[in-house]
Amino acid sequence: MSLLTNVMDHSLDEGYAEAAARKQAEGAGGMPKTVRAKLGLAAGLVLAGLVVTLGAANARIAAPVIAKERQELIDRIERETTAADKLEGNVDTLRADVSARQREALNTDGGSEQADLVGILSGATEVHGPGVKLVVDDAKEASQDGDGDPRETSGFSDTGRVRDRDMQRVVNGLWESGAEAISINGQRLTALSAIRAAGDAILVDNKPLVPPYTVLAVGDGQRLSTRFQNSADGLYLHALQENYGIRTSISVEDDVRLTAAPSVIVRTAQPSTEKGTS
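Source: prediction; values computed, not measured.

Colleague: Which parts of the structure should I look at to understand the overall build of the protein?
Modeller: Each helix and strand counted, the protein has 7 helices and 8 strands in total. Of all 278 residues assigned to the protein, the portion counted as buried reaches 24%. Within the protein, residue pairs in contact and separated by at least 24 positions form 73% of the contacts whose partners lie at least 6 positions apart. Approximately 19400 Å² of the protein is accessible, and the part contributed by carbon and sulfur atoms is 55%.

Have a look at this one:
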């Protein structure tokens, strides 16, 4: 019990008590004792107060400026967006006008039947008829990020993503199987169409498409479907499905409708003025 009583009565170590008493006797603790020290402390407090006050004032002054600049940037973005939408509308109108003039020129120079055929083959005319619907989609486990671009690798895609090269083979296989007109996600293909890749996106005539890729082809539906699936490109697509999880489905359609291409720009070819002799 004496030990417990000693601990309770002397909870603070005697060394600490002696150090505190010595510090108090020397005058080292508490507020500054001299006038010079007190003035220095006051000056420091005033300086700190000025710094805080100036910082707050600058923040209040800068806040409206920042808000104004932000609003001006938002207004500028909205104006430019409106202008871009207007220009895009003008482009669509001009493309429609060009297509109409092309069709008119074909009807004038080549006769109705020949003009219709040329318009269909060139993609300048809206078409419909029996055909097939082929849907190609990435694998469910397709990686959304990786160390390299899957479309730059050779052979089959080891990431489960559909590449531009895969769509090229699909389209070429349909043409070879008897397709008369083809579109991908509503984008009509012409003799000048290009299927390329930009990053992870597939571009058709420089327009990005997103999966699933719906390919519509006008032709003899059942015959076109059978010939494509038995072709080298059809077997290639089947191998992608079996080995890499690429999802595909093909169906025969009674009526497939394809819109006309926005515009068909010819840079080199010119109509021949020579007439055949009998």
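Resuming the write-up.
Colleague: How should I be thinking about the packing of aromatic side chains in this particular structure?
Modeller: Here a ring pair, both rings aromatic, is described through the centre-centre distance and the interplanar angle of the planes. A full pass over the atoms with the stated rule returns 0 aromatic pairs. The ring of Tyr236 carries the charged tip of Arg169 above its face, separated from the ring centre by 4.1 Å.

Colleague: Looking at this structure, I do not really get the environment of Leu258. What am I missing?
Modeller: The topology assignment puts Leu258 in strand S8 (residues 247-258). Judged by its relative accessible area of 1%, Leu258 falls in the buried class. As for Leu258 and Ile184, which are separated by 74 residues in sequence, their C-alpha atoms are 9.8 Å apart. Contact partners of Leu258, with chain neighbours within four places excluded, come to Glu126, Val127, Ala181, Ile182, Ser183, Arg188, Leu216 and Val218.

Colleague: Mind showing me how you'd approach the pairing of strand S7 (residues 213-218) here?
Modeller: Every regular strand shows the same layout, with side chains that alternate between the two sheet faces. Judged from the 6 bridges that link them, strand S1 (residues 127-137) and S7 form a sheet pairing that is antiparallel. Across the sheet, the residue bridging to Val135 is Thr214, located in S7.

Colleague: Explain the pattern of salt bridges to me, please; I cannot follow it from the model alone.
Modeller: When the charged atoms of two side chains lie near each other, side chains of opposite charge can form a pair. Tallied over the entire structure, the rule returns 4 salt bridges. Here Asp166 and Arg163 are joined by a salt bridge, their closest N and O atoms 2.9 Å apart. For Arg163, a relative accessible area of 1% corresponds to the buried category.

Colleague: Which parts of the structure should I look at to understand unusual backbone geometry?
Modeller: The omega torsion of the bond from Pro211 to Pro212 falls at 0°, within 30 degrees of zero and hence cis. Here Pro212 lies in the loop between strand S6 (207-209) and S7. Here the phi dihedral of Asn185 falls at roughly 50°; this positive angle occurs in a residue that is not glycine. Turning to its location among the elements, Asn185 is positioned in the loop between strand S2 (181-184) and strand S3 (187-188).

Colleague: Can you help me understand the nonpolar core in this one?
Modeller: As a rule of thumb, nonpolar side chains are buried together in soluble globular proteins. Counting 25 residues, the largest nonpolar core has Met167, Leu174, Ile182 and Ile184 as the members making the most contacts within it. Those elements that place two or more of their residues in this core are S1, helix H5 (164-176), S2, strand S5 (201-204), S7, helix H6 (221-230) and helix H7 (232-244). Top contributing element to this core by residue count: H5, with 4 residues. Among the nonpolar cores identified, the runner-up in size contains 5 residues, and Val127, Ala181, Val256 and Leu258 belong to it.

Colleague: Explain the sheet that holds S6 here, please?
Modeller: In any sheet, the strands associate via hydrogen bonds between backbone groups, in a parallel or an antiparallel arrangement. Pairing within the open sheet is antiparallel, and its 3 strands lie in the order S4-S5-S6. Taken across any chain shown, the strands that pair with only one partner, and hence form the sheet edges, are strand S4 (195-198) and S6. With strand direction ignored, the average angle separating the axes of adjacent strands in the sheet is 40°. By the bridge criterion, 3 bridges tie S5 to S6 in an arrangement that is antiparallel. Bridge pairing links Val204 to Lys207 in S6. Strands S4 and S5 of the sheet are contacted by H5, whose axis makes an angle of about 170° with S4.

So, how was this worked out
- Residues numbered from 1 in each chain as written.
- Predicted model: local features only at pLDDT ≥ 70, side-chain atom pairs only at ≥ 80, totals over all residues.
- Heavy atoms only, no water.
- Helix = DSSP H or I, 4+ residues; strand = E, 2+ residues; numbered from the N terminus.
- Buried < 20%, exposed > 50% of the residue type's maximum accessible area, 1.4 Å probe, protein only.
- Contact = heavy atoms within 4.5 Å.
- Areas by Shrake-Rupley, 256 points an atom, 1.4 Å probe, with all protein chains shown as cover.
- Phe/Tyr/Trp six-rings, centres within 6.5 Å; stacked < 30°, edge-to-face > 60°.
- Lys NZ or Arg CZ within 6 Å of the ring centre and 35° of its normal.
- Pairing = 2+ DSSP bridges.
- Salt bridge = Lys/Arg side-chain N within 4 Å of Asp/Glu carboxyl O.
- Core = buried A, V, L, I, M, F, W, Y, C linked by side-chain atoms within 4.5 Å.
- Axes fitted to C-alpha atoms, helices over the stretch in contact; angles between N-to-C directions.

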